[in-house]
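Listed here are the chains, written in short residue letters.
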Amino acid sequence: VDAGSTSGYFHQWPYVSTKHNNLDCCEAASYITDAKHNQLCFSVPKVPGLNAVFLIDTNRLPNGADSLSDDCGKFNRPQSLKYYLVKGQDSFNVTDESLATHYVKRRYYKHASVDTFRRTIWILYDISNEQNPYIVQHYFFKDGIPAPIIGQPHGNSKQDSTFIHR
C-alpha cells in the first residue's frame, strides 16, 4: 500500500485511507455514513503490518464478532470511549448528549507483541441505539513506520504456534 495514497485495494479489500495516526470521531462517523458500495469490505481484511482504514459491512459477516478475526494475532483488551455527535449539513460535530443525533463508540486496541501496532474499531449508532451495519476498522503503527507483526495466537485460535507476518 502506497503511504501517500488515500484509497485503493490491499489484495481484495478496499481501503479508504492509509492514515497512520488515529482517526477522530467525526471523521470515522463520516466514513460510515458516506460509504460507497465499492469502498466496503464484505469479509474481514487480513492486513498485518499495514497502515490502512477499512469499512466493513457487518451484515455480510457470518457473525458480527468476526470483525476481530483479522490474522494479526493477539491484541490487549480494548479501551472504549463514547462520543456524542450531531449531524450537520456536511459533517458531524461533537456535542452534548442532550443535542446528539448519533453517538460513536471507539474501541482502541494495542497489539500484545508489537508495541507500536494499533487497531481501532469505530461503531456508529443513531440516538435510539440502532447500530449502523458499517464499521470502521483502522490499523496503524503509532510511529507511522510499518514493521513485521510477530504475535501469539488470540484466545479463539485453533493453532498454538507463533507466526510472523511480513
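Just above sits the structure.
Below or above, wherever it landed, is the structure these notes cover. Model, not experiment: these values are computed from the prediction.

**Re the overall build of the protein chain**
Part 1 of the argument: From N to C terminus, the protein chain includes one helix and eleven strands.
Part 2 of the argument: Secondary structure of the protein chain in N-to-C order comes out as β-β-α-β-β-β-β-β-β-β-β-β.
Part 3 of the argument: Within the span of the protein chain, comprising 166 residues, buried residues form 42% of the whole.
Part 4 of the argument: Within the protein chain, contacts between residues at least 6 apart in sequence are counted, and of these 58% link residues at least 24 apart.
Part 5 of the argument: Only carbon and sulfur atoms are counted for the fraction: they give 46% of the accessible area of the protein chain, which is about 9,000 Å².

**Considerations on unusual backbone geometry**
Part 1 of the argument: At N129, a residue that is not glycine, the phi angle is positive and equals roughly 70°.
Part 2 of the argument: Among the secondary structure elements, N129 is positioned in the loop between β8 (117–126) and β9 (131–141).

**Quick look at the sheet that holds strand β4 (residues 52–57)**
Part 1 of the argument: Spatial ordering of the open sheet is given by β3-β4-β9-β8-β7-β5-β6, a layout of seven strands whose pairing is mixed. The two strands at the open ends of the sheet, each matched to only one other strand, are β3 (40–41) and β6 (92–94).
Part 2 of the argument: Pairing of strand β5 (residues 79–87) with β6 involves three bridges; the strand directions are antiparallel. Each bridged residue has a counterpart across the sheet, and for L85 the counterpart in β6 is V94.
Part 3 of the argument: Across the sheet, helix α1 (residues 25–33) lies against β4, β5, β6, β7 (102–110), β8 and β9, angled at about 150° from β6, the strand it touches most.

**A word on α1**
Part 1 of the argument: Within α1 the residues assigned to the buried category are C25, C26, A28, A29, S30 and I32.
Part 2 of the argument: Buried residues along α1 sit against β4, β5, β6, β7, β8 and β9.
Part 3 of the argument: Taking the backbone nitrogen of C26 as reference, a side-chain oxygen 3.0 Å away marks D24 as the first, capping residue of α1.

**So, the side chain of N51**
Part 1 of the argument: Counting through the fold element by element, N51 comes out in the loop between β3 and β4.
Part 2 of the argument: At 2.7 Å, the side chain of N51 forms a polar contact with the backbone nitrogen of F141.
Part 3 of the argument: Polar contacts involving the side chain of N51 include one to the main-chain carbonyl oxygen of G144, which spans 3.2 Å.
Part 4 of the argument: Look past the residues within four positions of N51 in its chain and what remains in contact with it is S17, T18, K19, H20, Y139, F140, F141, G144 and P146.

Procedures and definitions
Residue positions are given per chain, counting from 1 as you read along its sequence in written order. The predicted nature of this model means local features are confined to residues of pLDDT at least 70 and side-chain atom pairs, given and counted, to a pLDDT of 80 or more, with totals for whole chains, interfaces and linings taken over all residues. The side-chain figures draw on all heavy atoms in the structure; neither hydrogens nor water molecules are used. Helix and strand definitions here come from DSSP, where helices need a minimum of 4 consecutive H or I residues and strands a minimum of 2 consecutive E residues; each element is numbered from the N-terminal end. Remark: exposure states derive from per-residue accessible area (1.4 Å probe, protein chains only) relative to the maximum for the residue type, with buried under 20%, exposed over 50%, and partly exposed in between. In this analysis, two residues are considered to be in contact whenever any of their non-hydrogen atoms come within 4.5 Å of each other. Each accessible area is a Shrake-Rupley estimate made with a 1.4 Å probe; only the visible protein chains count as cover when residues are assessed. What makes two strands pair is DSSP finding at least two bridges between them. To obtain an axis, a line is fitted to C-alpha atoms, over the contacting stretch when the element is a helix, and the angle between two such axes runs from 0 to 180 degrees between their N-to-C directions. Under the rule applied, a polar contact is a pair of N or O atoms within 3.5 Å (in protein, one hydrogen donor and one hydrogen acceptor; residues adjacent in sequence only if both atoms are side-chain atoms).

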